[in-house]
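# Results of the structural survey
Next come the chains, spelled out residue by residue.
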Amino acid sequence: MKKMNISKKDPIVEMLMNSLANLPTPTSISYLWNMGFLLGMTLMLQIITGLVLSMNFVSETSLAFQSVMHIMRDIDHGWIMRYIHSNGASLFFIFMYIHLARGIYFNSPIKMPMVWGSGVIILLLTMMTAFMGYVLPWGQMSFWGATVITSMISALPYLGPQVTTWVWGNFSVSQPTLNRFFSLHFILPFIITALVMVHLILLHKPGSSNPMGLNTDFDKMKFFPYFLVKDSTPLMLSMILIMTVVCLNPNMLGDVENFSPASSTSTPTHIQPEWYFLFAYAILRAIPSKLGGVCAMAGSILVLLILCFMKSKFNKKFNPIKKVIFWIFVSNVILLTWIGANPVEYPYINIGMFMTISYFLLILLIM
């Protein structure tokens, strides 16, 4: 009995119970508020599958591509681990973009600026992690994508060329680059997990928002078991979705060039990143200046931080104009993604320039 009493009064157990099971949650939140839970589960899935893959991956330029083929063909269930990991990254970004869009639509930045700021930092680190992971298979698109993206650092004034050489560890993308990317790709998810904990702590202080934008202090219930059951439904649907893609068309979102080993002597006709980076890549290409393109691409993510200074609230009253602006912004991002997947030629160049200007203008209009 004494042991049971001690365990009940344990501060760590009490903190976990209060922050998870007994967390007061507004009864009016919709399924759009499930994205945080789904992101956490997908992050755990990525860490577990990535850990299994790292046990058989060889970070050596002449063996990296063959080690991936070895995982796919010779290791028991290696193919499913690799496909879950690669398609899980796409699922993670789908949830993250929905999570961000919901925050913008329901005015989360002004209500919880610290939560929003930590979320943007998590987004940046996730993009870095995904980019480094895409390089590891050492296929043609992996190698040339790394070459194009990392060479952009050289556009920075004064220290650009030196920093680029330091990132490469050589005078081009080569063995030291692969080693560094593998190490960073392994450690960054754990840093992201720590930041997610900080994100949750900052969120639980003011509490979750709700679609009505009202004070819900008088209408809340415990997270467990009600909202856990509610969160489990989209989780099961997400698992069904990813397993359907893995079993029927696992390379649907991949690039055919990555089925060829990396070669520094032959350049792909159209170099492009994964689909979840295409909107930023289109913004990069739209600016004629190399330095201007780098700044615009970085600004396309960092500009989300200025939403913390919004003066009006979307859900304070019915405002159809601001809702229309939001959906135009979403359409703009989708069109930029389409532009990024097309060659650098007319009319895609002109459309990309127009959409890039619209992207930043719409952010200001949302404010």
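Refer to the preceding data block for the structure.
Because the structure is predicted, anything quoted here is derived from the model rather than measured.

### Focus: the nonpolar core
Of all hydrophobic cores here, the largest spans 84 residues; its most connected members are I104, W116, L304 and L307. Tallying contributions element by element places helix α5 (residues 78–105) first for this core, with twelve residues. When residues are assigned to domains, this core turns out to be shared by domain 1 (30–209 + 221–252) and domain 2 (272–366), each giving three or more. Residue contacts for W116: discarding those within four places in its chain leaves L100, G103, I104, S108, P109, L304, L305, L307 and C308.

### Observations regarding the environment of T164
Structurally, the position occupied by T164 is in helix α9 (residues 160–168). The sequence separation of T164 and S154 amounts to ten residues, and the corresponding C-alpha distance is 5.7 Å. Other than its neighbours up to four places away in sequence, T164 contacts T150, S151, I153 and S154. There is a polar contact of 2.8 Å between the side chain of T164 and the backbone oxygen of G160.

### Quick notes on the packing of helix α12 (residues 278–286) against helix α14 (residues 320–340)
Geometry of a packed helix pair, given as the angle between the helix axes and the separation of the axes. Two elements in contact, α12 and α14, have axes separated by 7 Å at closest approach and are oriented at 70°. Comparing their axes, α14 and α12 come out roughly perpendicular. Each of L278, F279, Y281, A282, I283 and R285 in α12 lies in contact with α14, whose residues at this interface are V333, L336, T337, I339 and G340.

### Observations regarding helix α3 (residues 35–54)
Within an α-helix, residues lying three or four positions from one another point in the same direction, as the helix has 3.6 residues per turn. Over its 20 residues, α3 runs 28 Å from end to end, which matches the ideal 28 Å to within 8%, given 1.5 Å per residue. Among all positions of α3, only M35, L38, L39, T42, L43, Q46, I47, T49, G50, L53 and S54 are buried. Check the buried side of α3 and you find it contacts α4 (64–73), α5, α10 (175–204) and α11 (223–248).

### Details of a nonpolar patch on the surface
Side chains of L51, M55, L184, F186, I187, F190 and I191 sit close together on the surface and give an oily, nonpolar patch of about 630 Å² of accessible area. In terms of residue count, the dominant contributor to the nonpolar patch is α10 (five residues). Along the chain, M55 turns up in the loop between α3 and α4.

### Here we look at the environment of H99
On the secondary structure map, H99 appears in helix α5. On the basis of relative accessibility, which here comes to 23%, the residue H99 falls in the partly exposed class. Sequence spacing of H99 and I283 is 184 residues, and the spatial spacing of their C-alpha atoms is 22 Å. Once residues lying within four places of it in the same chain are set aside, the contact partners of H99 are M35, G36 and L39.

### Overview of the packing of aromatic side chains
For the coordinates displayed, the defined rule picks out 20 aromatic pairs. Taking 6.1 Å as the distance between ring centres and 90° as the angle between the ring planes, the aromatic pair formed by Y97 and F279 counts as edge-to-face. A residue pair is termed long-range when its members are at least 10 positions apart, and Y97 in helix α5 and F279 in helix α12 qualify at 182 residues. The exposure class assigned to Y97 is partly exposed, which follows from its relative accessible area of 22%. Overall, F279 belongs to the buried group, its relative accessible area being 6%. Centroid distance Y105 to F106: 5.0 Å. Interplanar angle 80°. Geometry classified as edge-to-face.

Procedures and definitions
- Residues numbered from 1 in each chain as written.
- Predicted model: local features only at pLDDT ≥ 70, side-chain atom pairs only at ≥ 80, totals over all residues.
- Heavy atoms only, no water.
- Core = buried A, V, L, I, M, F, W, Y, C linked by side-chain atoms within 4.5 Å.
- Buried < 20%, exposed > 50% of the residue type's maximum accessible area, 1.4 Å probe, protein only.
- Helix = DSSP H or I, 4+ residues; strand = E, 2+ residues; numbered from the N terminus.
- Domains from an automatic or database assignment.
- Contact = heavy atoms within 4.5 Å.
- Polar contact = N/O pair within 3.5 Å; in protein donor to acceptor, adjacent residues only side chain to side chain.
- Axes fitted to C-alpha atoms, helices over the stretch in contact; angles between N-to-C directions.
- Parallel < 35°, antiparallel > 145°, perpendicular 65-115°, else oblique.
- Expected span 1.5 Å × (residues − 1).
- Patch = residues over 30% accessible without salt bridge, like charges linked within 9 Å, V, L, I, M, F, W, Y side chains within 5 Å.
- Areas by Shrake-Rupley, 256 points an atom, 1.4 Å probe, with all protein chains shown as cover.
- Salt bridge = Lys/Arg side-chain N within 4 Å of Asp/Glu carboxyl O.
- Phe/Tyr/Trp six-rings, centres within 6.5 Å; stacked < 30°, edge-to-face > 60°.

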